[in-house]
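The primary structure of each chain is shown beneath.
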Amino acid sequence: MFTHSDLARLQAQSLKMQGWIRRQTFSPSNEKTLRRFSSWEVAELIFNMNQSTFRGKLAAEPNLPGGEVEEDGRQRWFSLDEINELRRRIKVNRKSLMPPRPDGKRAIRAAIANFKGGAGKSTVALHFAHAAALDGYRVLVVDFDPQATLSHSMGLSDVGEDHTVWGIMARDLERETDRMNAAVTGAESGTTLPRRKLPASIRDMGLGQLRTSDFIKTTAWSTIDIIPSCANAAFVEFASAQYRHLNPEWTFFGAVSRFLDALPDDAYDVIIFDCPPAIGYQSMNAVFAADVLYIPSGPGYWEYDSTTSFIGQLAEALGDLSDGFENFPTGKIVLPKAFADVRFLMTRFEPSNELHTAMLGAFRQVFGDRMAEHPIELTRAVEQSGRFLSSVYEIDYREMTRGTWRRARGTFDRAYEEFRTHLVAAWDKLEDEA
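Within every chain, residues take consecutive numbers counted from 1 along the sequence as written. Where totals are concerned, whole chains, interfaces and linings use all residues; where local detail is concerned, this predicted model gives features only for residues with pLDDT of at least 70, and gives and counts side-chain atom pairs only at 80 or more. Processing note: side-chain calculations cover all non-hydrogen atoms of the structure and skip hydrogens and water entirely.

Novice: I'm lost on the overall build of the protein in this one. Help?
Specialist: Here a helix means four or more residues in a row that DSSP labels H or I, a strand means two or more in a row labelled E, and each is numbered from the N terminus. If you tally the helices and strands in the protein, you get 15 helices and 12 strands. Relative to its full complement of 434 residues, the protein shows a buried share of 52%. In what follows, a contact means two residues having at least one pair of non-hydrogen atoms within 4.5 Å. For the protein, restricting intrachain contacts to residue pairs at least 6 apart in sequence, the fraction spanning at least 24 positions comes to 80%. Reported accessibility uses the Shrake-Rupley method at a 1.4 Å probe radius. Residues are deemed covered only where the shown protein chains occlude them. Of the roughly 20,600 Å² that the protein leaves accessible, carbon and sulfur atoms contribute 51%. Each residue's exposure class comes from its accessible area (1.4 Å probe, protein chains only) as a fraction of the maximum for that residue type: buried when under 20%, exposed when over 50%, partly exposed otherwise.

Rendered as structure tokens:
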């Protein structure tokens, strides 16, 4: 027989292994650091120019960041901040290297969602965030998943639940309740409306006093911030049911959207959500706040079947919100909920596998142009990066054959380029911010 004590003992054993992996992957102080990027990577893979042109730019302008030079003098290595400084100051054929960003728009928000576990949501979110940062964007990632894979991959492991999406939702409940009560107090009609009361157990948490910035943490990537998650954040599914009972008029699904509304429009360029493998209070906050919905799926029939169920249940849930909360304030995103774009992305794809090829054809037949053209291939380098809580972009290509590394990076580069194309098109559809 196994009790909770046995489960706790098994977790303790697993945590020891987690600690060992982190020590192998991160710095001696157990903090994740970001490697430098070679002049070859910067020129050909990041700036899309040949190395001789890049070297010529550096030679012509000695005041540009020069990176660190290897002892043999053959290769320079640049930090992300130096890469971004080069991006701001170098032009090729009079064209800027800065990525496209529509004027007068807030950050574009993309949710990576599917309630099938193992579909690759965290892997896609991690790689798209890193690719966007190397592309010159300022990125905020929001980890909605209590498994916290994305948070751990970003180097955060010691996170309190108060500073996760659960804390954002509890804070929103308190603030929205106060706003509703203030509106009741200020009413001039003769109608007496009941004031909504929250128990001291919620008020005493002090979450209502937290600032927006208190939930946002920095990462090893200077242009990527994160709202992390942790295992205790799973409590949100139980707590939110209680919160809705305390204030039935609270638009619970708009909590994160209202939180993001409070950010300055120019604080970030791209916001990426990693959603949990379920439709619940956290995932509904993610999809409601998102402008673009990206749905990853593995290449098997059962994953196709699960994806079909996911979009059906999501449609039903969003329909229920539109019918039940249409007269309640929901922030800048209004009901009925509409996405600027919806895409399906196949993950763990093996081109030589006939079943995978057949399933990709089936996905394309069903979803048409909603299906991403470039699937993410399963490669040895991708598997290795996952084992060590890193993306392919973080792995030094010298740790394996360059061909193996290039193949892995290439599959994510192609998927990201397509993602960016759809994102920029959706960005143009957003209303200008006043």
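Having seen the model, we can carry on.
Novice: Would you explain the sheet that holds strand 6 (residues 108-112) in this entry?
Specialist: Each strand in a sheet pairs with another by means of backbone hydrogen bonds, the pair being arranged parallel or else antiparallel. Read across the open sheet, the 7 strands follow the order 8-9-7-10-6-11-12; overall the sheet is mixed. Both outer strands of the open sheet, strand 8 (217-218) and strand 12 (341-346), are each paired with one neighbouring strand and no more. Strands are treated as partners if at least two bridges between them are detected by DSSP. One ladder, built from 2 bridges, connects strand 8 with strand 9 (residues 224-227); its direction is antiparallel. Bridge pairing in strand 9 places K217 opposite I226. Axis definition: a line fit to C-alpha positions, over the contact stretch in the case of helices; interaxial angles, taken between N-to-C directions, run 0 to 180 degrees. In this fold helix 5 (residues 121-134) packs onto strand 6, strand 7 (139-143), strand 9, strand 10 (270-274), strand 11 (292-297) and strand 12, with an angle of close to 165° to the strand it touches most, strand 10.

Novice: Just to check I follow, could you spell out the pattern of salt bridges for this structure?
Specialist: Working definition: two side chains of opposite charge can pair if their charged atoms are close together. Basic side-chain nitrogens of Lys or Arg form a salt bridge, by our definition, when they fall within 4 Å of a carboxyl oxygen of Asp or Glu. This model, assessed by the stated rule, comprises 26 salt bridges. We note a salt bridge from E85 to R88, for which the minimum N-O separation is 3.0 Å. Within this pair, E85 and its partner R88 are both found in helix 4 (residues 80-89), separated by 3 residues, close to a single helical turn. Overall, the relative accessible area of 25% leaves E85 in the partly exposed class.

Novice: Just checking my understanding: could you explain the packing of aromatic side chains for this structure?
Specialist: Geometry of an aromatic ring pair is reported as the spacing of the ring centres plus the angle between the planes. Ring pairs are drawn from Phe, Tyr and Trp, using the six-membered ring of Trp, whenever the two centres fall within 6.5 Å, and their geometry is named by plane angle: stacked under 30 degrees, edge-to-face over 60, tilted for the rest. According to the stated counting rule, one finds 29 aromatic pairs in the structure shown. Ring centres 4.9 Å apart and planes at 75° place the aromatic pair F253 and F288 in the edge-to-face group. Residue F253 is located in the loop between helix 9 (236-246) and helix 10 (255-261), and its partner F288 is located in helix 11 (residues 281-289); the two are separated by 35 residues in the primary sequence. The residues F253 and F288 share a single accessibility class, namely buried. With a centroid separation of 5.4 Å and 75° between ring planes, the pair formed by Y304 and F363 is classed as edge-to-face. Residue Y304 is found in helix 12 (residues 301-324), and its partner F363 is found in helix 13 (residues 354-367); the two are separated by 59 residues along the sequence. F363 sits in the buried class, given a relative accessible area of 1%. Two thresholds decide whether a charge sits over a ring: the Lys NZ or Arg CZ must be within 6 Å of the ring centre and within 35 degrees of the ring normal. The ring of W40 has R402 sitting right over it, with the charged end atom 4.1 Å from the ring centre.

Novice: Explanation requested: helix 13 in the structure shown.
Specialist: Residues lying three or four places apart along an α-helix face the same way, a consequence of the helix completing one turn every 3.6 residues. The terminal C-alpha atoms of helix 13, which comprises 14 residues, lie 20 Å apart, in line with the 20 Å expected from a rise of 1.5 Å per residue. Among all positions in helix 13, only H356, M359, L360, F363 and F367 are buried. Viewed end-on, helix 13 has its buried residues packed into an arc of 105°, placing them on one side of the element. Exposed side of helix 13, more than 90 degrees from the buried face: E354 and Q365 are the residues found there. Those residues of helix 13 that are buried lie in contact with strand 11, helix 12 and strand 12. Put simply, N353 is the residue that caps the front of helix 13, since its side-chain oxygen is 2.9 Å from the backbone nitrogen of L355. Count one or two residues on from helix 13 and you reach G368, which has phi positive near 55°. A helix is expected to span 1.5 Å for every residue after the first. The arc in question is formed by the directions pointing from the helix axis toward the C-beta atoms. Whenever two N or O atoms come within 3.5 Å, that pair is a polar contact, provided that in protein one can donate a hydrogen and the other can accept it, and provided that, for residues adjacent in sequence, both atoms are side-chain atoms.

Novice: What is the right way to read a negative patch on the surface from this model?
Specialist: Together, E316, D320, D323 and E326 line one region of the surface with negative charge. Position of D320 relative to the elements: it lies in helix 12. A relative accessible area of 51% means that D320 is categorised as exposed. Excluding any residue in a salt bridge, patches collect residues exceeding 30% relative accessible area, merging like charges within 9 Å and nonpolar Val, Leu, Ile, Met, Phe, Trp and Tyr side chains within 5 Å. When charges are tallied, Lys and Arg are placed among the positive residues and Asp and Glu among the negative ones, while His and the ends of the chain are skipped. For charged residues, the charge sits on one atom: NZ in Lys, CZ in Arg, CG in Asp, CD in Glu.

Novice: Sorry, what's going on with unusual backbone geometry here?
Specialist: Negative phi is the rule for most residues except glycine; trans is the rule for most peptide bonds. The step from L335 to P336 runs through a cis peptide bond, and the omega angle for that step is 0°. Turning to its location among the elements, P336 is positioned in the loop between helix 12 and strand 12. Although it is not a glycine, R94 sits at a positive phi angle of roughly 70°. Overall, the relative accessible area of 81% leaves R94 in the exposed class.

Novice: Can you walk me through the nonpolar core in this structure?
Specialist: Burial of nonpolar side chains together is a common tendency in soluble globular proteins. Core analysis: the biggest nonpolar cluster contains 68 residues, and F47, F54, F128, V141, M154, W221 and I272 have the highest contact counts within it. Sorting elements by how many residues they give to this core places helix 15 (residues 402-429) first, with 10 residues. The domain limits used here are those given by an automatic or database domain assignment. Both of domain 1 (37-96) and domain 2 (108-183 + 195-428) provide at least three residues apiece to this core. Residues contacting M154, with those up to four places away along its chain left out, are K32, L126, A129, H130, V141, T219, A220, I224 and I226. Residues belong to a common nonpolar core when they are buried Ala, Val, Leu, Ile, Met, Phe, Trp, Tyr or Cys residues joined through side-chain atoms within 4.5 Å. M169, Y268, A289 and L321 belong to the second-largest nonpolar core, a separate cluster that totals 60 residues.

Novice: I'm lost on the side chain of S297 in this one. Help?
Specialist: Here S297 lies in strand 11. For S297, a relative accessible area of 3% translates into the label buried. Here T307 takes part through its side chain, which lies 3.2 Å from a polar atom of the side chain of S297. Excluding residues that lie within four positions of it along the chain, S297 makes contacts with N114, A119, E303, Y304, T307, L345, M346, T347 and F363.

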